Amino acid sequence: MTNPLLQDWDTPFQIAPFDKISDDDFAPALDEALQTHRMEIDAIADCEYDPTFSNTIEALEEAGSQLDRVLGVFFTVAGADSNPTREDLQRKFSPLLSAHFSDISSNKALFARVASVWENRDSFDLTPEQARVLMLTHRGFVRAGAALEGADDARMKEIKNRLAVLGTQFTQNLLADERSWFMPLEESDLEGLPDFVIDAARAAGEEKEAGGPVITLSRSLITPFLQFSPRRDLREKAFLAWQSRGANGGETDNRAIAAEILALREERAKLLGYQNFAAYKLETEMAKTPKAVRQLLMDVWTPAKRQAQADAEVLTRMMHDDGVNADLAPWDWRYYAQKRRVAEHDLDEAALKPYFQLDRMIDAAFDCATRLFALEFKPLDVPLYHPDCRAWEVTRNGEHVAVFIGDYFARGSKRSGAWCSAMRSQAKFPDVQSPVVINVCNFSKAAPALLSYDDARTLFHEFGHALHQILSDVTYESVSGTSVARDFVELPSQLFEHWLEVPDVLSQFATHAKTGDPMPPEMLEKVLGAANFDMGFATVEYVASALVDLEFHDGAAPADPMEKQAQVLADLDMPPAITMRHATPQFAHVFSGDGYSSGYYSYMWSEMMDADAFAAFEEAGSAFDPDRAAALEQHILSTGGSQDAAELYKAFRGRLPGVEALLKGRGLTAG
């Protein structure tokens, strides 16, 4: 039988035919796609004609389309709907793919052609985008080690291969720990929990076939449990399980893996002539240097810690008033912060949550995209990889723009967190292709599905990434959509979060799940007034993680990352009742791949820009100002990585921002 992954897809908008693809198809499809790509690369490297942009750089852009398609499907299902077979395939594919791309980057004949085009670039009549693609291609080869020779070249291949294996192992260990642990609850343990938490716990128990309600390590369930459960013993048990993911000993322990990854990254950087991995990694980002990153993080850390310490004193008094004569612990913070939120803002999460229905928040995100960019969303009835998934065709003025897929509910087969990916990115070369974009979240499943305010922000955040893909309008796929500097990629996503805070958006779409009534004006006012509530806590847990990541890579690799983590936190005088948002053994951003390694700070760097960028709309008098929206699309969302990130931002705003807008947006002061 013909492999469906290798056939032409006669489906609406060439969406993968998930109903025809089985796990048995992936390995043979990958083998054939790799072989095809090798032949394409060899043809470019062995070309008898003098190197040109067309026969070398554009040829590289065109090569590998079959491989991209196979991997686009596989990594979508491996991340969002894993199973033992797919996990085994991931372990097998990682070294194969690493070796394949290492062979390409170390192909001396190919690199010679790329270098020739680069050296003779002034003799070619290149468009600005072509000049950018050439620069990025040449730089990518150099940074991958293409100029290395002999033993150094061989060692670089070994390092890349080993890192690929370790990154996959780290991710799968974390998923295994998250999937295997749950805490059964007796009916009496449900006392004090709001209905939405009870419903989510019962739904989780059904999925686990536990015979009753359970608390799992899904963030959308464990976080509200920590907020609302009056049982301090159960909060402690759940929190410690959450905090110990990847550090439980045995086969799924990630601590030794993290140490090896850090050592290999340092060796890789030094082979390429860099002092350390942070210097290597940050060279291509907006921040450029570890010093600039550290300065930003410390500018934020100082006021954030001051606020967190003041909040801790208030929460400790509340706990003592409850008769708990102990130090405030990490499993206490969310519980007493929630009680304080009710007391100071008269804002009860249990009363608020019915107004944040998942379907209404999806409608809200779509409506904002319509008002800003004239996009329209029409449901698509197509086979997808899981029954929970939904799809929409995105159009503008009746013309097809993209396909958007939403996969919103938590399940044991899905890794934790939320992300956006493209199964197919926008491009015009060699043929015009529209994007197929996916948002994956981990919200609790119920009928109806209700979100916390933070969940709603996550939905808007990921849809901001999706808009970056959907509105992309470049020629070459390598600079399409979110193919930008890591500390720029979060700008569109974090910027789009601001539209959730626009009063007329909430007044229209925050409607009660049972009555259908809009959120009362006084509640809406409280929601917006409490937007920065507990921001000291949120900022401290994030910045601590970013600083640990930076210190892991800015210097010699630590032999014991846990010891290094403890040292960094001690030097920061980390508030004892707050932990890192992502402790080392579960820090998938940093250790599942190189994406955010030495780059977890990038959310904060982007926030400098998003606070300033939304201020441009406020200065124009409307969150939906058409001129500002058009400028945002023209200079940020449509351009991908076709221009330098700093230049793109300055084209939109006229200047680069400082930290002041960020601190103001978080309700923190620099004094």
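Residues numbered from 1 in each chain as written. Predicted model: local features only at pLDDT ≥ 70, side-chain atom pairs only at ≥ 80, totals over all residues. Heavy atoms only, no water.

Asks: It is not clear to me how the overall build of the protein chain should be interpreted in this structure. Could you clarify?
Replies: A tally of regular secondary structure across the protein chain gives 27 helices and 7 strands. Relative to the compact-globule value of 26 Å for 671 residues, the protein chain shows a C-alpha radius of gyration of 25 Å, a close match. Overall size of the protein chain, expressed as C-alpha extent along the three principal axes, is 80 × 60 × 55 Å. Looking at the protein chain as a whole, 58% of its 671 residues qualify as buried. Long-range contacts, defined as pairs at least 24 residues apart, comprise 74% of the intrachain contacts of the protein chain with a sequence gap of at least 6. Summing over all exposed atoms, the protein chain offers an accessible surface of approximately 27200 Å²; the carbon and sulfur share of this is 49%. Computed over 64 positive and 104 negative side-chain charges, the separation of the two mean positions in the protein chain equals 3 Å. (Helix = DSSP H or I, 4+ residues; strand = E, 2+ residues; numbered from the N terminus. Rg over C-alpha atoms; globule rule 2.2 N^0.38 Å. Buried < 20%, exposed > 50% of the residue type's maximum accessible area, 1.4 Å probe, protein only. Contact = heavy atoms within 4.5 Å. Areas by Shrake-Rupley, 256 points an atom, 1.4 Å probe, with all protein chains shown as cover. Lys, Arg positive; Asp, Glu negative; His and termini not counted. Charge placed at Lys NZ, Arg CZ, Asp CG, Glu CD.)

Asks: Can you walk me through unusual backbone geometry in this structure?
Replies: Most peptide bonds are trans, and most residues other than glycine sit at a negative phi. Along the chain, Phe429 connects to Pro430 via a cis peptide bond; the corresponding omega equals -5 degrees. Secondary-structure assignment places Pro430 in the loop between strand S6 (419-424) and strand S7 (436-443). For the peptide bond that leads from Ala447 to Pro448, omega is -5 degrees, which places it in the cis range. Counting through the fold element by element, Pro448 comes out in the loop between S7 and helix H17 (453-470). Located in the positive-phi region is Glu209, a residue other than glycine, with phi close to 55 degrees.

Asks: Sorry, what's going on with the sheet that holds strand S5 (residues 399-409) here?
Replies: Strand pairs in the sheet, formed through backbone hydrogen bonds, run parallel or antiparallel to each other. A sheet is described by the order of its strands in space; here 5 strands give the open sequence S3-S4-S5-S7-S6, paired in mixed fashion. Either end of the sheet is taken by a strand with one partner, and the two such strands are strand S3 (375-380) and S6. Going from strand to strand, the sheet's axes swing by 30 degrees on average, the running direction of each strand aside. Pairing between S3 and strand S4 (residues 390-396): 6 bridges, direction antiparallel. Along S4, the bridge assignment pairs Pro379 with Trp392. (Pairing = 2+ DSSP bridges. Axes fitted to C-alpha atoms, helices over the stretch in contact; angles between N-to-C directions.)

Asks: Before we go on, may I ask you to explain the nonpolar core in this structure?
Replies: The tendency in soluble globular proteins is for nonpolar side chains to be buried as a group. Within the largest apolar cluster, 135 residues are counted, with the highest numbers of intra-cluster contacts made by Phe356, Leu459, Phe463, Phe488 and Trp499. Among the elements that take part in this core, helix H13 (residues 290-321) stands out by supplying 12 residues, more than any other. For Phe463, the contacting residues outside a window of four places in its chain are Ala365, Phe366, Ala369, Phe377, Phe404, Asn439 and Phe496. In this structure, Ala33, Leu34, Leu89 and Val436 belong to the second largest nonpolar core, which totals 36 residues. (Core = buried A, V, L, I, M, F, W, Y, C linked by side-chain atoms within 4.5 Å.)

Asks: Can you walk me through the pairing of S5 in this structure?
Replies: Put simply, side chains in a regular strand alternate between the two faces of the sheet. Of all the 11 residues making up S5, 9 are buried; the element is thus mostly covered by neighbouring parts of the structure. One ladder, built from 7 bridges, connects S4 with S5; its direction is antiparallel. Paired with Arg396 across the bridge in S5 is Glu399. In sequence, S4 turns back onto S5 through a hairpin of 2 residues, with Asn397 there showing a positive phi of about 55 degrees. Pairing geometry for S5 and S7, over 6 bridges, is parallel.

Asks: Just checking my understanding: could you explain the pattern of salt bridges for this structure?
Replies: Oppositely charged side chains can pair when the atoms bearing their charge come close. For the structure shown, the criterion picks out 48 salt bridges. Here Arg294 ties to Glu551 by a salt bridge, and the two come within 3.0 Å at their closest N and O atoms. Here Arg294, found in helix H13, pairs with Glu551, found in helix H21 (residues 535-553); they are 257 residues apart in sequence, far enough to count as distant. The partly exposed category is assigned to Arg294, whose relative accessible area is 25%. Glu551 sits in the buried class, given a relative accessible area of 18%. Among the salt bridges present, the one from Glu633 reaches Arg396, with a minimum N-O distance of 2.8 Å. Of the two residues, Glu633 is situated in helix H25 (residues 626-637) and Arg396 in strand S4; the sequence distance between them amounts to 237 residues. A network of salt bridges, in which partner residues are shared, links Asp23, Asp81, Arg86, Asp388, Asp407, Arg411, Lys414 and Lys445. (Salt bridge = Lys/Arg side-chain N within 4 Å of Asp/Glu carboxyl O.)

Asks: Help me understand the environment of Asp363, please; the structure alone is not making it clear to me.
Replies: One can find Asp363 in helix H16 (residues 358-373). For Asp363, a relative accessible area of 34% gives the class partly exposed. Sequence spacing of Asp363 and Phe377 is 14 residues, and the spatial spacing of their C-alpha atoms is 9.4 Å.

Asks: Help me understand the packing of aromatic side chains, please; the structure alone is not making it clear to me.
Replies: A complete count under the given rule lists 37 aromatic pairs for this structure. Relative to Tyr603, the ring of Tyr600 has its centre 5.6 Å away and its plane inclined at 65 degrees; by these criteria the two rings are edge-to-face. Given the relative accessible area of 18%, Tyr603 is considered buried. Every member of this aromatic cluster is reached through a ring pair, and the members are Phe366, Phe377, Trp392, Phe404, Phe460, Phe463, Phe496, Trp499, Phe614 and Phe617. When the ring centre of Trp118 is taken as origin, the NZ or CZ atom of Arg121, which lies over that ring, is 3.7 Å away. (Phe/Tyr/Trp six-rings, centres within 6.5 Å; stacked < 30°, edge-to-face > 60°. Lys NZ or Arg CZ within 6 Å of the ring centre and 35° of its normal.)

Asks: When you look at the state of the cysteines in this model, what are you seeing that I'm missing?
Replies: Cysteine pairs can be covalently joined through their sulfur atoms, and such a bond is termed a disulfide. Applying the stated criterion to the full structure yields 0 disulfides. Here Cys389 stays free of any disulfide, with the sulfur of Cys441 as its closest cysteine sulfur at 11 Å. Residue classification places Cys389 among the buried positions, given a relative accessible area of 9%. Unpaired in this structure, Cys420 has its nearest cysteine sulfur neighbour in Cys441, at a distance of 9.6 Å. Here Cys420 falls in the partly exposed class, since its relative accessible area comes to 21%. (Disulfide = S-S within 2.5 Å.)

Asks: Would you mind going over the environment of Lys353 with me for this structure?
Replies: Checked against the element boundaries, Lys353 lands in the loop between helix H15 (349-352) and H16. Taking the C-alpha atoms as reference points, Lys353 and Ala449, 96 residues apart in sequence, are found 9.9 Å from one another. In this view, Lys353 contacts Phe196, Leu450, Leu451, Ser452 and Asp455; residues no more than four positions away in its chain are not counted.

Asks: Could you clarify how one ought to interpret H16 in this entry?
Replies: Over its 16 residues, H16 runs 22 Å from end to end, which matches the ideal 22 Å to within 8%, given 1.5 Å per residue. Within H16 the residues assigned to the buried category are Leu358, Met361, Ile362, Ala364, Ala365, Phe366, Cys368, Ala369, Leu372 and Phe373. (Expected span 1.5 Å × (residues − 1).)

Asks: How should I be thinking about the packing of helix H9 (residues 219-228) against helix H10 (residues 232-243) in this particular structure?
Replies: To describe two helices that pack against each other, one gives the angle between their axes and the distance between the axes. Where H9 contacts H10, the two axes come as close as 10 Å, and the packing angle between them is 145 degrees. The handedness of the crossing between H9 and H10 comes out as left-handed. Between H9 and H10, the contacting residues are Arg219, Ile222, Phe225 and Leu226 on the first element and Leu234, Arg235, Ala238, Phe239 and Trp242 on the second. Residue composition of the contact of H9 with H10, by class: 7 nonpolar, no polar and 2 charged. (Left-handed = near helix turned anticlockwise from the far one by under 90°. Nonpolar A, V, L, I, M, F, W, Y, C, P; charged D, E, K, R; others polar.)

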